[in-house]
Amino acid sequence: MMNAKLTASTLAILAASATVAVARDQVQVAGSSTVLPYASIVAEAFGENFDFPTPVVESGGSSAGLKRFCEGVGENTIDIANSSRKIREGEVEACAAAGVTDIIEVRIGYDGIVFASQIDGPEFTAFTPDQWYKAMAGEVMVDGALTANPYTKWSEIDASLPDAEIMAFIPGTKHGTREVFEEKVLLAGCEASGAMEAMVASGVTEDDAEDKCMSVRTDGRSVDIDGDYTETLARIDANPNGVGVFGLAFYENNQDKLKVATMGGIEPTVETISTGNYPVSRPLYFYIKAAHLGVIPGLKEYAQFFVADEIAGPDGPLAEYGLVSDPELSGTQAIIENEETMASGS
Amino acid sequence: MTDMTAGAAPVRGTLVADAHTRKRNASEKRFRLYGAIAVSLAVIALVFLLTSIVRNGAGAFMQTYISLDVTLDAAKLDKSGNRNPVEMAKVTTFGYAPLIKDAMASTIAANGIEIEGLDKPEDLISKEASAQMRDVVLANPELVGETRRFEFVADGRIDGYYKGRVTMQSAERDSNVTPAQLRFADALKEAGLLETRFNWNFITWPDASENRPEVSGLGVAILGSFYMMLIVLGLALPIGVAASIYLEEFAPRNRLTDLIEVNISNLAAVPSIVFGILGLAIFINFVGLPQSAPIVGGLVLTLMTLPTIIITTRASLTAVPPSIREAALGVGASKMQTVFHHVLPLAGPGIMTGTIIGLAQALGETAPLLLIGMVAFVREYPSAPPEGFFEPATALPVQVFNWTQRADPAFIERASGAIIVLLVFLFIMNAIAVVLRRRFERRW
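Residues numbered from 1 in each chain as written. Chains lettered and ligands numbered in written order. Predicted model: local features only at pLDDT ≥ 70, side-chain atom pairs only at ≥ 80, totals over all residues. Heavy atoms only, no water.

> Before we go on, may I ask you to explain the state of the cysteines in this structure?
Throughout this description, disulfide means a covalent bond between two cysteine sulfur atoms. Residue and element names in this part refer to chain A. In total, this model carries 2 disulfides over all chains according to the counting rule given. The disulfide partner of C70 is C95, and the S-S distance across this bridge is 1.9 Å. Between C70 and C95 the sulfur-sulfur dihedral comes to about -70°; the bridge is accordingly left-handed. Remark: C95 occurs in helix α4 (residues 89-97) and C70 occurs in the loop between α3 (62-69) and β3 (80-83); sequence separation between them is 25 residues. Taken as a pair, C70 and C95 share a single burial class, namely buried. The connectivity of the disulfide-linked cysteines in chain A, indexed sequentially, is 1-2, 3-4. (Disulfide = S-S within 2.5 Å. Helix = DSSP H or I, 4+ residues; strand = E, 2+ residues; numbered from the N terminus. Buried < 20%, exposed > 50% of the residue type's maximum accessible area, 1.4 Å probe, protein only.)

> Honestly, the interface of chain A and chain B in this entry has me stumped. Any pointers?
The figure often quoted for interface size is the accessible area lost as the parts come together. On the side of chain B, 53 residues touch chain A, which itself brings 52 residues to the contact. Buried surface at the junction of chain A and chain B, summed over both partners, amounts to about 4,700 Å²; 58% is from carbon and sulfur atoms. Where chain A meets chain B, there are 5 salt bridges. Residue E320(A) is joined to K127(B) by a salt bridge in which the shortest nitrogen-to-oxygen separation is 3.3 Å. Counting across the chain A and chain B interface gives 21 residue pairs in polar contact (both at pLDDT 80 or more). Mapped by element, the contributors of at least two residues to the side of chain A that touches chain B are α1 (2-18), α2 (36-49), β2 (56-58), α11 (248-253), α14 (309-312) and α15 (317-321) of chain A. The element best represented in the side of chain A that touches chain B is α1(A), accounting for 11 residues. For the side of chain A that touches chain B, a count of residues per class yields 23 nonpolar, 17 polar and 12 charged. (Contact = heavy atoms within 4.5 Å. Buried area = accessible area lost by both parts, 1.4 Å probe. Salt bridge = Lys/Arg side-chain N within 4 Å of Asp/Glu carboxyl O. Polar contact = N/O pair within 3.5 Å; in protein donor to acceptor, adjacent residues only side chain to side chain. Nonpolar A, V, L, I, M, F, W, Y, C, P; charged D, E, K, R; others polar.)

> Would you mind going over the domain arrangement of chain B with me for this structure?
Residue and element names in this part refer to chain B. What the domain assignment lists for chain B is domain 1 (61-199) and domain 2 (219-440). The interface is formed by 8 residues belonging to domain 1 together with 9 residues belonging to domain 2. Roughly 580 Å² is buried in total at the junction of domain 1 and domain 2, and carbon and sulfur atoms are behind 42% of that figure. Scanning the region where domain 1 abuts domain 2 turns up 4 salt bridges. We note a salt bridge from R379 to E128, for which the minimum N-O separation is 3.7 Å. (Domains from an automatic or database assignment.)

> Help me understand the domain arrangement of chain A, please; the structure alone is not making it clear to me.
Residues and elements named next belong to chain A. The domain boundaries assigned to chain A delineate domain 1 (25-110 + 283-345) and domain 2 (112-281). On a C-alpha basis, the centres of domain 1 and domain 2 stand 31 Å from each other. Each side of the interface is counted separately: domain 1 has 11 residues, and domain 2 has 10 residues. Around 870 Å² of area is buried between domain 1 and domain 2 when both sides are counted, 55% of it from carbon and sulfur atoms. Taken together, the connections running from domain 1 to domain 2 amount to 1 salt bridge. Summed over the shared surface of domain 1 and domain 2, the result is 1 residue pair in polar contact (both at pLDDT 80 or more). Listing elements by their share of the side of domain 1 that touches domain 2, those giving two or more residues are α15 and β13 (324-325).

Set out below in structure tokens:
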């Protein structure tokens, strides 16, 4: 009852104040925490160079951002969702159900995912996906049968690796990075090591075998980090044997504390990632609500500015921060120029 | 007298401490010791916390600045040559960056600085510099073509060098800064062009992107927190006090009021994130208030603070002795006159103390703000109230949360600095509460 009374009086005040609310004149962005640094760099430069106010950028994760993006059309919904993965079918449907039918997909570049350890720790300098698979899998094939992962030291997997306890800090399941790690490292390693084939041969269906390849051991040697890379860094700082999964940009900002390992013999650099030689990378996107174009001032200009050569190009501030610029940037620029929505564009 | 008794020491009085008394005295001593241990543990924890925060965060209040003579080259900034600000605005901040490069080259030549292996000396200056120059030039187009001395903020790594965060060793490993650049910074310092001094901008400037930790500040966050506190004060105090007076002085005692009482105590213990969910559902989705705005934050925090205010207000109303009420009623005052002329003024200090403590609690709250979009990168200052209530802003604890997530180590220092600012505000508020209680509270 008390609640009802309080809420009623608050609502009365609100009803009075809601009429005061002015039309929104700044772009609102939400989504992936991986894209957040890039989006804030662009927002800052956009505010400096245009007469429009600086866009407001929130983080919270790709899925959360896309969910809010799909809440509907109108001034109290966001205009752009940042995402570190492609929008899913289900999300497009959810969007359409809420009236968000025209979505423009913009790929801003690529993000490299690197494997790094304490700079003065053991010599983790070269990894291959199958080594990671063997170190991380919950169950591995031993003599034709699935058994709990027996490896406790890296050197047991491969003599070239240091004689150090296996201790890995990998992104938690809510991160988009985890998906990339599972697909491009664990699954690839599983296939490369022949474990996948052996599982299928022993009578496991292909889908189950894939799931087994990507399931991570739960005996404490692999730790899910649900926070951000700063947490992974803190864990590595405290644990000399730890190996962590980071974004390239984060590593580049903390080179005095971390050393990076090659993956399959290829060092992660902007060049190797943009050519696709380095295996673990993913595209980064943002999605524009086409219905808001022309309604929210500065929305199109912000999107155009984001993918302009001077920003997202190889010499721009985004690349300087660690984004691997997209070789097909001009195509993306044309998409925004012509306001091609996902259905009409592809 | 005391001297005499002290002199007559041999007679200790009639009381002879028997075993039971000794036991009681000993247990009292033990209890005092436990108390002292508890207090000292708390003090040690506090000192540890404060020193680690101050040690990490003190650097945020200092900032390194570099002075440069920049030639505002007309060929680069005003190609048409007619000093028209509208045309000059087409030159973006990227067009201003080469000026710094040139200015660095001429500074090196003018001061005869020779550093082996020095590459990209312009990296010593914050990326903010080109925006700073562009603002000055667009405001004063007649400056184009002249050479003018600018004072720029130094890059975060250079700044870190003078705060001990960056060393020659770490610079060797770091691709963002080279030892040669650090030596160059030292040379500039000798030439009197570089200085480290108190950083007011940390309090006044807005947040900055990850490329420019050195120019990030708390301006928007402090304004946002202040606006929210205004809203909380303006709503929670009248509603809370009115509700408590009604419940305490007028409402009949029955099951219904008992139920209300239980609910209020319950609400006070509800995790704050729940209020955020409520705020998102009601204020943003149902009422349609804007996201990231202090009005929504303020309303959510009002809901959160109300139980605290109601509980403390009721406690201070009950503390007013019934004799006051009876005396007032006895001379013919109405119930309402009794409450407003006699009870409320006496309960005032207690109500104020409770309100301030509630506000302090609300000031440090982050969780409910997560859901209503206030955990965001906001660079524009909100305008003055009432419009400002509806414009995006962040809050102090949110800024701490944001900065701890960023990659550049300079932001860790900023986050600790922001904690210090937050603690200072909390300290001031709590000190006011204590002073109010001490000075105005009446005891019966």
